[in-house]
Structures are given as structure tokens and as C-alpha cells.
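Tertiary structure, described
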Amino acid sequence: MTRYILGRLLAAVITLWIVTLLAFVALRVAPGDAIDAKIGEAAFYDEEYAEELRSELGLDKSLPEQYIQWLGGVLTGDFGTSFSSDRPTMELLLKRAPASLEMAIFSVLLSVLIALPAGIVAAHNSNRWPDQLIRVIATAGLAIPVFVIGTAMIVIPAREWSWVPPAGYDYPWDDPVLNIRQIWLPVLALSSHIVAVFIRVTRTSMLDVFNEEYVTVARSKGLRESVVVYRHAVKNALIPVVSITGLLLAATVGGVVVTERIFSIPGLGSLTLEALANRDYAQVQTNVFWIAVAVIGINLITDLSYGLIDPRVRYG
Amino acid sequence: MEEKNYWQKRISRRRLLKYSGLAATGAGAAYIVGCGDDDDDDGGEATTPAASGTATAAATPTPAASEIKRGGTMKVFSPGAASLDPIIDPSGGQRFMLSAVYGTLLDYRADTFGDTEIVPGHAEEWEYADPTTLTLKLDPRITWSDEDPMNGRPFTAEDIAWNVDYKKTTSEATTWDIVESVDVVDDNTVTLHLSAPFAPFLSSLPGGVAGFLYPREVIERDGDMKNTAIGTGPMMLDSFEPTSLIRLKARPDYWKDGEDGDALPYLDGLEDTAVVEYQTRVARLQAGEFDQWYSQAGPNKIDAEALADAGMDVEETPFLNAKVLWMNMLDPIFEDERVRKAIHLLIDRQQIIDTVYDGAGYKTAWLDLPGWGWDDATVAAALERNVEDAVAMLSAAGVSDLSLELVGYTGAAAGSDPDVDAVIQQNLDDGGITVNLAIQPDYTTVLENYAKPGTFQIYVQHSGSGGDPDDFFRRRYLSTQSDTNNWARIKDTDLDALIEAQAQEVDPEARQEKVIAVQDYLYEKMYSAPTSAPLIFKPRWPRLHMSAQHFSSRAVRIDEAWLDSDA
């Protein structure tokens, strides 16, 4: 087990290094320039001032030098300063991450709460009307893009009832009521897609388990259907669901940007997008680093949790 | 075939001031679509900076004291700002908010959107003793906000002298380099000595980034104003979250009194939340979460009508920022004047207005500023389409099977517009010119990959007018300007001389003639072809009482704004 974990941790470090390198190179070779983004729209572009700024930000050094300098900073816990705001990038990330994390966690939780029973019911009633209905809903959830659902969620109440969820984000520990008023609709919008994925995975997994011999044996022994389903089938069907939960949580943290923008919530996704637009390299690199840490970490935890759900799983 | 001399014929009809013509036709005059107060008093009046002025020049109408209500927070939205220092982050959406924090020596009159009449700000009086000597007399009541390290100390002439020196070290240096020396006459009097006569200097003092008066002690302590804002205006910074939220609160020690005899401002606070998505902006405004849509590019016509139906006052105003087709003079094909003029003749401005702006647009020449441009009739005649003559010109130039790449970008509506590019592609095709569209993701990409290196062929981008015609001429056409600004690489010494002549003419009326002369020359040479501009819609809930604002967020009278909670 320890050897397995150490191996995974080493792989995680290598993955992380590759991600940072790719992000660094992609940012530098992408069209546009940090200095142009910063002063390009000033009334009079001054080349001398531009060069001064380039030197001040360390952008006049060679790319390997810039990368090594950044990596050295990371190893000492210094992720650099945002080109745009002149604040430490970690300060901005820590301010904006809670919104994205909260929305991602709640939307995944809500999706699991809805999708697990729905998937079980669909599988248990395979090809009958409850299954058909649930499948239609799930397909619709997958087919309609989140930005369409989100936009409808904000535009329709505004037009019909002059109501919108409050813009912005207040931490739950500062104002829990306002926090809920701000995020419940974005969470619903995000869940519309996630719940559809969960339903399909749960249903497929349950159908596979229902075809297993031990389920047939349990039924032939005359056990009640509820016992067959909930005591024998569900637990074994959970492994792929747990696996997809981790992946979806990680993907949602990084991909919540559309929802954040539609609902005007300042989260990690919109911070990254704004930093990209401003060519704020330091901020993008910090965000990418920590999103990668989150994704790799969640994957690792997911893999390790298999052992808890299924005692047959052993790590070598 | 004899070439018709359009250029001589059309230049003869001009001189009337452009927006007086627009006001008469209603095409570009500001008017209210929805219900509510009356802001359309003198939208067409032509105005130019006066050589001198006093406090009596301020003619902003004021409400009766009994009507005014105190309290409340005015809420607006913007794209968000990464920093609070507009000198360092000029593309940010923070200027409107900061105009409530920082004072300026002079202001634009704010009765009407786009008004360019200069009125007193922190300077009660100003006077040119000669074309290079400008004396300003300050309001003796002005104090800095009572925050560390300013601690409410008086604002003096020394602050102006320091601001001139400081701005010369920043990206705003081009505005202030003209000031050779500053004489502090006494605490409330300062004389600026210019190195040469420069009429636009007065226009750079009201509002905007160049005109904001910064606090010396803060710059000396922090180096910049990225994360703080302390000024002499009616508001002080409450909180700031980069690209997310700016919250201001009323200064309890503000030095100016309101109509009711108590200290201004009437509002308790001002809040700017970043809202990026267009539909979200419309929805939040319609739901009443925000008080007005202040940024330059407002809602489209359909949404503006929906907002008016919901009870908002919607002011319709000219964009004041013409979209211009730039031809890269580094490309040999454009060396022949006939090719440039043929392209100009092929553009169907009316089609752009009808199809892209849904009828809510207007024809404009290069300079889209009230009081400075051509009159309406001249614009209409000069921008008339004539495919037959265009084809003849191309033929006379020996050009056939011409293929051009048109660069544009998506994103901000204020700059490039792929829909306009598509119409131009179609228009030029009518004259046998094949246009390949190269639409880029954003302005920075175009700037870096096409404009700066001079690799584009044609590029449609707004003119970027500031508050003074010189901003536009100098930035886009002067030979000595950097490639980033003069992206079409126009090198014409005669044009340079005309630009400098209008800049050095401090007599307003004489200058106006010289500004027209520059435009006449631009028409003669056709280095760039004006296309059109959209009308823009500025919705505001009737509960908000505030005079109009200048189009570039200058002259915002936050101190006199108030909210009627019963409305």
C-alpha cells in the first residue's frame, strides 16, 4: 500500500511538472503579449515605457530563465505577483477559489443525491416508462449546454418577475444566507449536466450488476427485491460512480467558468479567464498549478477509496 | 474615361457643425426612448474649449433642494478592473468609479452625453496669458480625503506641480511633457509654462486618466495606485477585489456643499460589480439590481426597447467613435491613391447601418466628435457609394483580380466588429475585390500580430476619439507616432503640418477651421475610409438622478447624484 502511494505521488509530481511546463510554453507562444495587453489601449503607446515595464516584470529574460525562476519560486512557496493587480497571485487565488469549490462540491453532491436513486430506479425498471422518462431527462441534461440553461435561469426570472440572484460572492462564513442566495441557482445550472452523467453511469453500472450471477442467486434464494437491490447490487455498482464522482468534481472546479460568468460570481474560473485575457502569466500559471494539484489529488483519493468500497481491491 | 472629381465637389459643402445638423434631423441627437426626466435640452449644441473660464461658466441645471433625497448606494456594473490605477491598467472598467474619488482641474460639462464644453473643476478660473502660459486659480476649500497618509490636508498648487512631474514619468507623459515648468504662485494659484502653443492641452485636464489628481504621499509610500484610491473627490475607497468589485463610500469630510446646505455627496456609496456576460447585464438591469448601464457600449436596440418597456429611461446617443477602414501604406497596392478611393467608394455605409446596427446607426467621417466634424450634408455626400466609379478607378489604376486580407477581432463591441467586416467583404466584392476575412480572438492578438508589425492589409477598427480631435489625428496619422498607434504607417509631411497647425492654434474658432482642414486633407488622400458608427443606448432607472456623463466616463457628477427610494 505504502509503495503504491509513493509511486502514485511520484507520478503526480511528474504530471504536475509537465502541466506547468505545458502551461508556461502555451502562454508564451500564444498570440499576444503581456505588455500590449497592459498598455496597448493607452492613449499613446510609448515604446520606452513598454520596454521598462517588460524589464520590471522579468519578461526581457529568455524563456528558460523565466521558467526556472518561476519554478524556483514555486519550490520556495513564492508563486509570484500578478502582473495586472500587483498582488501576490496566491492571495487572489485563495480569495477566488472558495466560490468555485463551493459550487463544484454542492453541484456534485446535489447531482449524486438526485442521480443515485434515479439511476437505480431506471435500471430496476429497465425499458419501462420510469426508465424511459429518466433517460429522456438525462439526455436533455447532457444535450443542453450549461450556458444555455444558465442564461435561461437568469433571463427568464428577470423578465417575468424582475428577480435575479444577487451578483457577486460572499463567503458562507461571512454571510451564509446571502451566500446561499448567490449560489443556489448556479449550483442548479451546473448540476443539470452533472446529474445527467451520474444517472447514465449509475444506470449502466446497476444493469451490469443485475446481470451478475450473485444477484441471480440472491433472487433465486427468495430474498426481497429491496434487499437484492440495496444490500447486494448498489454497493458493487458504486465503484464506477465513485470513480466518476472524483473526475467530475475535479472537472467542475476547473470548468465552472461559464457558470461563474453567467451568474457574475467571481471564482477561480473567471479569475483564470481574466488573467488569460490580460496575459497575466504569473496568475495563470499559479491557477493552472493549483487546479492541476486539485485534479491529481482528487484522482488519487478516488483511486484509494476503491479499497474502502470494495475489499477485493488490493494495491501492489 | 475621365475621372470624376468627387473630392473637389464634395469638400465645397461643409462647415456647418455636424451635430447641429444631427440634432435637426434627430439622427444622432440624444433623446429619451422611455419615460422619465428630460435630458435632451441641448444635445446638438456645438462646443469647443474656451481659452479662459470661470466658475460662472458651469451651467449644469440643479434640482430644487426639497426634491433631493439623501442616502442609498448607487449600483453599476462594469467588465471589472484588475487594478485601481488606470495609468497602469488603462483598459480596466474602473475609470467611472475613480472619477468619484479623484478630482480634476477642469471638467467637461455633463448636461449631455458627449458634451465637450470645458467647465471649472478644482480650478475655479483659468486663463492663457499667452499661448504658452496657462494660469489656474484653485478652489481654496479643496481637501484630500481624511485617510492615511493624506489625513485631510488641503489640496494646494504644490500638488499640481508634483502631479505634472509624476505624470511625466508614467504612460501619461505625452500629455504632460508639453509642460516645461510650473510656477507655484501661492497655495491656490499655479502657472503652467508650455514649451509650445498646444491647444489640446486644456482638453486633457478634465477627467480621464491624464487629468486625475493623484496624492503625492501615497505614490511616495506605495509607488503606484494599483490597490488604493485616495483623492479629493466626493467618495473614498471602501473595498476593492480585483476584477470583481469596487465599493466606494461617501467622504464624511467632503469640502463641497449640496443644494440642501449640507455637505455633498447625497449618496452613501457607489458600488461596481463585474458583470461580463451581455445577457446577464441586461437581465440584472431589468430586474433592478443596477441603477444604470454607464459603459460606452450599451445594450442593442431590441434589448434597449425591452428595458424601456420595463420602465427604464433609455437615452439614445451617438457612439462618437467612428469605425474606420485602415489601409496599410506599407503595402504597395495602396500607394496608388485611386485604389484607396475606390475602396472608399465601394463601402455601403447604409447597408452596415441597416444590417449590422438594425437601423440604429449613422454615417460619420473620421472625426466623430460634437462640434468638430463635418456637417451632415458633407458627410452624406462624401460617403455616398458609387460602384461604377470605383470600378473605373481600379481599372484606371491597372488593378484587376485584387485580393485583400481584412483583419478584425471578436469580443468587445467598441472596437472591431466582424459583422461590419462581413458587409465590407461583400461591398468590395461588388467592385471585383476579393476580401478574405482574418478574424482574431481579441484586440491584443491583432495588435501584436498585425498592427505592430504592419502585416495587415486592411483593418476595420474604431477611431479611438478622445475628448479632443488632436487625440485622434496625432495618434493615428502623425508620421512620428509609434507603429502601435499609427498602424497604417501613414507618412505624409503635409498632413503632419496640418495636424500640428490645428494643435498650435489656441484661438478656438480659428482652430476649428484648421481641424476641418485636416479632415478635408484626409478625404483628399483617403489613407483610411470612414465607415459608420452605431447609435448607443444608455438605460437608467428613473430613481437615479444624475446629469449625463461624458462619453469616456469623464465629467461624471457623482457628488450631485441622488437616488429616489420612492421611485
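One can find the structure itself at the top, above this paragraph.
Residues numbered from 1 in each chain as written. Chains lettered and ligands numbered in written order. Predicted model: local features only at pLDDT ≥ 70, side-chain atom pairs only at ≥ 80, totals over all residues. Heavy atoms only, no water.

Considering the overall build of chain A
Defined as follows: We count a stretch as a helix when DSSP gives it H or I for four or more residues in a row; a strand needs E for two or more, and each element gets its number in order from the N terminus. Three labels apply to residues, based on accessible area from a 1.4 Å probe with only protein chains included: buried if under 20% of the type maximum, exposed if over 50%, partly exposed otherwise in between. Here, two residues are considered to be in contact whenever any of their heavy atoms come within 4.5 Å of each other.
Counting secondary structure elements, chain A contains 13 helices and zero strands. Mapped from its N terminus to its C terminus, chain A presents α and β elements in the order α-α-α-α-α-α-α-α-α-α-α-α-α. By principal-axis analysis of the C-alpha atoms, chain A measures approximately 85 × 60 × 35 Å. Relative to its 316 residues, chain A shows a buried fraction of 49%. Considering only intrachain contacts with a sequence separation of at least 6, the fraction spanning at least 24 residues in chain A is 73%.

Considerations on the sheet that holds strand β11 (residues 245-250) of chain B
Residues and elements named next belong to chain B. Just so we agree on the cut-off: Two strands pair if DSSP finds at least two bridges between them. Orientation is described by axes fitted as lines to C-alpha atoms, over the contacting stretch for helices, and by angles from 0 to 180 degrees between their N-to-C directions.
The strand order β3-β12-β11-β10 describes an open sheet built from four strands, whose pairing is mixed. Two strands bound the open sheet, and with one partner strand each, they are β3 (73-78) and β10 (235-241). Strand-to-strand twist of the sheet, defined as the mean angle between neighbouring strand axes without regard to direction, takes the value 15°. Taken together, the six bridges between β3 and strand β12 (residues 269-274) define a ladder with parallel strand orientation. Directly across from K75, in β12, lies its bridge partner E271.

A closer look at the interface of chain A and chain B
We apply this condition: In short, buried area is how much 1.4 Å probe accessible area vanishes from two parts on joining, totalled over both. By definition here, a salt bridge exists when the distance from a side-chain nitrogen of Lys or Arg to a carboxyl oxygen of Asp or Glu is within 4 Å. We call two N or O atoms a polar contact when they sit within 3.5 Å, provided that within protein one can donate a hydrogen and the other can accept it, with sequence-adjacent residues counted only if both atoms are side-chain atoms. As a working rule, the residues Ala, Val, Leu, Ile, Met, Phe, Trp, Tyr, Cys and Pro are called nonpolar, Asp, Glu, Lys and Arg charged, and the rest polar, with Gly in that last group.
Contacts between the two partners involve 43 residues from chain A and, on the opposite side, 45 residues from chain B. Of the roughly 3800 Å² buried between chain A and chain B on both sides combined, carbon and sulfur atoms contribute 51%. Where chain A meets chain B, there are four salt bridges. Notably, a salt bridge pairs K226 of chain B with D86 of chain A, separated by 3.7 Å at the nearest N-O pair. Remark: the boundary between chain A and chain B carries 16 residue pairs in polar contact (both at pLDDT 80 or more). Within the residue set of the side of chain A that touches chain B, elements represented by two or more residues are α2 (34-39), α3 (47-56), α5 (89-124), α7 (146-161) and α11 (257-262) of chain A. Among the elements that take part in the side of chain A that touches chain B, α7 of chain A stands out by supplying five residues, more than any other. In terms of residue class, the side of chain A that touches chain B is made up of 21 nonpolar, nine polar and 13 charged.

Topic: the packing of aromatic side chains
The criterion, for reference: For Phe, Tyr and Trp, where Trp contributes only its six-membered ring, two rings pair if their centres lie within 6.5 Å, and the inter-plane angle classes them as stacked under 30 degrees, edge-to-face over 60, or tilted in between. Our definition puts a charge over a ring when NZ of Lys or CZ of Arg is within 6 Å of the ring centre and also within 35 degrees of the ring normal.
Counted by the stated rule, this structure contains 30 aromatic pairs over all chains. Ring geometry for W163 of chain A versus W184 of chain A: centroids 6.1 Å apart, planes at 35°, classification tilted. Placement of the pair is W163 of chain A in the loop between α7 and α8 (176-210) and W184 of chain A in helix α8, with a sequence separation of 21 residues. Residues Y166 of chain B and Y214 of chain B carry aromatic rings whose centres are separated by 6.1 Å and whose planes lie at 35° to one another, so their mutual orientation is tilted. Taken as a pair, Y166 of chain B in helix α4 (residues 157-167) and Y214 of chain B in the loop between α7 (208-211) and α8 (216-222) lie far apart in primary sequence, 48 residues in all. Members of the aromatic cluster, joined through ring pairs, are W326, F456, Y459, F472, F473, Y477 and W487 of chain B. The positively charged end of R219 of chain A is found above the aromatic ring belonging to F210 of chain A, 5.1 Å away from the centroid. Positioned above the aromatic ring of W487 of chain B is the side chain of R476 of chain B, whose terminal nitrogen or guanidinium carbon lies 3.9 Å from the ring centre.

Remarks on the pattern of salt bridges
Residues and elements named next belong to chain B. Tallying each qualifying case throughout the model produces 33 salt bridges over all chains. The salt bridge partner of E337 is K341, with a shortest N-O separation of 2.9 Å. Of this pair, E337 and K341 both sit in helix α11 (residues 337-346), separated by four residues, roughly a single helical turn. Its relative accessible area of 6% is what places K341 among the buried residues. Of the charged contacts, one joins R385 and D430 as a salt bridge, the two residues approaching to 2.9 Å between their closest N and O atoms. With R385 in the loop between α13 (376-382) and α14 (387-396) and D430 in helix α15 (residues 418-430), this pair connects stretches of sequence that are 45 residues apart. Exposure remark for D430: the relative accessible area of 41% places this residue in the partly exposed category. One salt-bridge network, in which partners are shared between bridges, spans E337, R340, K341 and K525.

Some thoughts on the environment of L276 of chain A
All names here are of chain A. For L276, the position within the fold is in helix α12 (residues 268-277). C-alpha separation for the pair L276 and D131, spaced 145 residues apart in sequence, amounts to 44 Å. Once residues within four sequence positions are removed from consideration, L276 is found in contact with L27 and V284.

Observations regarding the pairing of β11 of chain B
Residues and elements named next belong to chain B. Two strands pair when backbone bridges link them, and β10 and β11 are joined in this way by six bridges, in the antiparallel orientation. Bridge assignment links F240 to a residue of β11, and that residue is I246. Count of turn residues in the β10/β11 antiparallel hairpin: three residues, of which T243 carries a positive phi of about 55°. Both β11 and β12 contribute to a ladder of five bridges, which runs antiparallel. Along β12, the bridge assignment pairs L248 with L270.

Take it as geometry only, folks, not as evidence of what the structure does.
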